[in-house]
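Observations on the model geometry
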Amino acid sequence: MFSPLVSTTLLVHCFSLASGHAVELVQDGNACAEIVVPDSSYPVLDFAIQELQYHIERASGTKLPVRKESDPNTYFQNKIFLGLLSSSVKDGIDLSALPPAGYLVCARASRLYLVGRDTSGNVGGDDEPTWHGTLWAVYDFLENELGVRWLWPGRLGEYIPTQKTIRVPPCERHGAPRFQDARLIVPQLSREATFGWADSSNHDRFLKEQDTWLLRHRLVATKSLQYGHTFGDYWARFHKTNPEFFALLPDGNRIPLAGDRDGTNVALCLSQPSLWAQIVADWQEKIKGVSSDSLPPVNVCENDTPGLCTCPSCRAWDSPDPRFDISPYWSQGKIPTFKERFHGKGFGIAGTSTPWGGVVLPEDAPSLSDRYAMFYNAVLQLARGVCPHATVFGYAYANYWEAPKQTHLHEGVIISFVPPLWFPYTTEMSRTFRKNWQGWRHAGAQLVLRPNLMLAGHNLPIFYAKRFAADFSYAAKRGMIGTTFDSLCGAWATQGPTLYTIARIHTHPEWKPAQILDEYYRAFGPAKVAVRRYFEFWEKISNKLTEADVGRFHEEEGGGGFKDYVLIADRICTPEVLTEARRLLQIAQNAAQDNDEAAARAAFLEKGLRNVELTLETLSAYKTYKRRPDESAKKAAQGALEKLMKYRASVEHENICDMGYLAYREMRGAGWKELLTNVDKND
Ligand SMILES: [Zn+2]
């Protein structure tokens, strides 16, 4: 270990002239540099210190000492200046030209500078985004100089090459977050509910390690681009005073759809100037006292209902679309109920939805995107009258997700694009995604990618890394300023390569998927090729599936939405498929057996597959019980569920899966709740 030297003149001098100007941090397992930090600490700095020390220790076996800048005791001549020190400023380190959360990695003489633009908020940010520049400098250094990769949450997923000597060659590079806001949303129910976890401390640790993994992939906001459906209170506030705010339905009423009891999802009449004025007035109220630097956009994301207004002014904004003529809603006046609003194939409103919850290209649903684009422009113009820097934030969603045909958006319109991307991720989906992304871009939008893609799949080993990555790269080159992915459901041991790709491509949008996947497979050492083959097998199974297949499976299995893959798990993972997967995984486990770390990682994959097998056994027993609901069938199903839960309890500390999320879907979505015996069914 190290011991402090009391005088700056007595320095441990391990800087070798022979190594040019490289900064030596560790020599043959011994520390030879210290981490110097500013006197006043703040959360991002504290976490950056912890991450830097931790990874260097894991790589080299030694922990570098930390001292405050004003502390006269110094340990080593070689220094990592972490955060902005007054001596760094004297050395010419200047952050003023860097963008928010931008950073610098610079090695020269005996000093390594890791520094960026930080704010004082919490790590990860809560309501207000935090700038993590110094932490990003650390991660950049760990990735590039130390070769560190973060495959999945927890220690086993940390790929940290052993280096008994760490010498940093001269370098100087700047970096900044590629996106203003990039997030894989962790479902709220995963955070709140501990049901499904045998030990709540495993739940807490899983979430903590998952959050750290997200941070290491820089999946946080520098500036928030998170805005949702926003006019939920308008019906309550204005239905008496301003009925003109609300969509004119074909029967002449301006009211919520039948079944939307409190009107929180009422559709609006977008062409009403009095509505725009109210929206801007609400925004003005909200921004009182907010500096122009942190001015939020005017949120114009409509309620969670397709566009419905049939008034002549709204209709005049629509571009010609032959689908208006064939749609019962627009041409014959049939009005869907609230429940039917996304499944109204017969109504053709949002024939934009499949029965299992995805959005398809409707043959019979006209696109209202031009009217929405006109609405966004109108609100922006009004808001700019209040503040010249105003922006508006709106959706491309439901029956207005296709690109507008004739309306150009004013500069300052940000579109949150909710594309028809989900699993199975087909080439047709990819084609329409690109066409409409490019269309919105061409119309002048800055774009936030907000797919519901990651909600599909349950714990099954589905794979869409390559198709997704190619589309992401396409979009990143064309106006993407942020992302919000709904949602990170945590099937780490079965969907690892796809989850890793989704995260990793956020820092390297230009990378080919093969390059990212190679990082993942490389962590399996001697089993690299065999693990790749195992996942390529799942890729083949995944790519063979069509939307029609999945729709048919759901229909035949009694329904369920796109979050309910557990209901059709046996249709995808047939016995033949599972046998072949087992065979391929066994080859990988054999190849890894002489390398402890690789063997542990291959075993991690095996636990994911075992979890799938036991899920399928439970599904099968439950189906038998539903077909023949007698006591013995129920007992058999309960036995299968108990075996599954026991297994999960035995592996839940290893971050195989988000056990709480799985249990929620199985109990509520698949109905397995009725099998519970000795636990609180209301849990
Ligand atoms: Zn209208």
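Just so it is clear, the structure is predicted and the values come from calculations on it, not from any experiment.

Some details on unusual backbone geometry
- Going from Phe 423 to Pro 424, the amide bond is cis rather than trans, its omega being 0°.
- By the element assignment, Pro 424 lies in the loop between strand S15 (413-417) and helix H12 (427-442).
- Cis geometry is found at the peptide bond from Asp 486 to Ser 487, where omega equals -5°.
- Here Ser 487 is to be found in the loop between strand S17 (480-486) and helix H14 (492-507).

Some words on the nonpolar core
- Within the largest apolar cluster, 204 residues are counted, with the highest numbers of intra-cluster contacts made by Leu 82, Leu 114, Cys 269, Val 298, Tyr 376 and Val 379.
- A total of twelve residues in this core trace back to one element, the largest contributor, which is helix H20 (residues 596-627).
- Once residues within four sequence positions are removed from consideration, Leu 114 is found in contact with Ile 80, Leu 82, Val 105, Thr 134, Ala 137, Val 138 and Phe 141.

Side note on the pairing of strand S14 (residues 392-396)
- Along S14, five of the five residues are buried, which leaves the element largely enclosed by surrounding structure.
- With burial as the criterion, each face of S14 is covered, one bearing Val 392, Gly 394 and Ala 396 and the other bearing Phe 393 and Tyr 395.

With respect to the pairing of strand S6 (residues 103-108)
- With five of its six residues buried, S6 lies for the most part within the structure.
- Sheet topology note: the S6/strand S7 (residues 111-116) ladder contains six bridges and is antiparallel. What sits directly across from Ala 107, in S7, is Leu 112.
- If you look at the hairpin formed by S6 and S7, you'll find two residues sitting between the two strands, and Ala 109 has a positive phi there, around 50°.
- Of the pairings in the sheet, the one linking S6 to strand S11 (residues 171-175) comprises five bridges and is antiparallel in character. Paired with Ala 107 across the two strands is Cys 171, which belongs to S11.

Some details on the packing of helix H19 (residues 575-592) against H20
- Two elements in contact, H19 and H20, have axes whose closest approach is 9 Å; the angle formed by their N-to-C orientations is 165°. The angle between H19 and H20 places the two elements in the roughly antiparallel class. The crossing of H19 and H20 is left-handed. Where H19 abuts H20, its residues Leu 578, Ala 581, Arg 582, Leu 585, Ala 588, Gln 589 and Ala 592 lie against Ala 598, Ala 599, Ala 602, Leu 605, Glu 606, Leu 609 and Glu 613.
- Its residues assigned to classes, the contact of H19 with H20 comprises ten nonpolar, one polar and three charged.

Looking at the sheet that holds S11
- Strand order in the open sheet formed by six strands is S4-S3-S5-S7-S6-S11, with mixed pairing between adjacent strands. If you trace the sheet from one side to the other, it starts and ends with strand S4 (66-68) and S11, each paired once. Shown here is a sheet whose adjacent strand axes are inclined to one another by a mean of 15°, direction ignored.
- The sheet contact formed by strand S3 (residues 33-37) and strand S5 (residues 78-82) spans four bridges and is parallel. Opposite Glu 34, over in S5, you have Lys 79 as the bridge partner.
- Helix H1 (residues 43-60) contacts S3, S4 and S5 of the sheet and is inclined by roughly 170° relative to S3.

Reading guide: rules and limits
- Residues numbered from 1 in each chain as written.
- Predicted model: local features only at pLDDT ≥ 70, side-chain atom pairs only at ≥ 80, totals over all residues.
- Helix = DSSP H or I, 4+ residues; strand = E, 2+ residues; numbered from the N terminus.
- Core = buried A, V, L, I, M, F, W, Y, C linked by C-beta atoms within 7 Å.
- Buried ≥ 20, exposed ≤ 12 C-beta atoms within 10 Å, placed from the backbone.
- Contact = placed C-beta atoms within 7 Å.
- Pairing = 2+ DSSP bridges.
- Axes fitted to C-alpha atoms, helices over the stretch in contact; angles between N-to-C directions.
- Parallel < 35°, antiparallel > 145°, perpendicular 65-115°, else oblique.
- Left-handed = near helix turned anticlockwise from the far one by under 90°.
- Nonpolar A, V, L, I, M, F, W, Y, C, P; charged D, E, K, R; others polar.

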